[in-house]
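Inside the fold
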Amino acid sequence: MSRELEEGLKGSGKAGRSYKSLSRARRVVANARERNRVHTISAAFEGLRRAVPSYSHNQKLSKLAILRIACSYILALARLADLDYTEEQADLSFAECVQACTFTLQAEGRSRRRKE
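What this report covers is the structure whose coordinates are included nearby.

Scoring rules and cut-offs
- Residues numbered from 1 in each chain as written.
- Predicted model: local features only at pLDDT ≥ 70, side-chain atom pairs only at ≥ 80, totals over all residues.
- Heavy atoms only, no water.
- Helix = DSSP H or I, 4+ residues; strand = E, 2+ residues; numbered from the N terminus.
- Buried < 20%, exposed > 50% of the residue type's maximum accessible area, 1.4 Å probe, protein only.
- Contact = heavy atoms within 4.5 Å.
- Areas by Shrake-Rupley, 256 points an atom, 1.4 Å probe, with all protein chains shown as cover.

A separate point is the overall build of the protein. Tallying secondary structure elements over the protein gives four helices and zero strands in all. Along the chain direction, N to C, the helices and strands of the protein fall in the order α-α-α-α. Here the protein holds 116 residues, and the buried ones make up 22% of them. The long-range fraction of contacts in the protein, counting pairs at least 24 apart against all pairs at least 6 apart in sequence, stands at 33%. Accessible area for the protein stands at about 8,800 Å²; split by element, carbon and sulfur atoms hold 56% of it.

Structure (structure tokens):
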């Protein structure tokens, strides 16, 4: 945070400081925090996108699509380790989990193409 903003937030007692400039300084600081938060979340999603399977590394996926693919991929990996994380405890085979993961990838690819 810049020294000017810190002084504006502390209300350093300068006669030239008005309520309006103080509010603006707070907005600037809040906007910077929000920008940092959004960049952090976007970086995390990008890391997750690189970790889950996709048809190409350049494939553009929405955050929702990344989460859906990650969930089905985790279920497939869990099944490979003889664990069952499905809500219904359906005891799906590994092949069924891989098929669900593939279906999710295909569905997300189709929905993305429809939007374009």
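The next point concerns the environment of Thr 102. Along the chain, Thr 102 falls in helix H4 (residues 94-115). We classify Thr 102 as partly exposed; its relative accessible area is 32%. C-alpha of Thr 102 to C-alpha of Tyr 55: the two residues are 47 residues apart in sequence and 9.8 Å apart in space.

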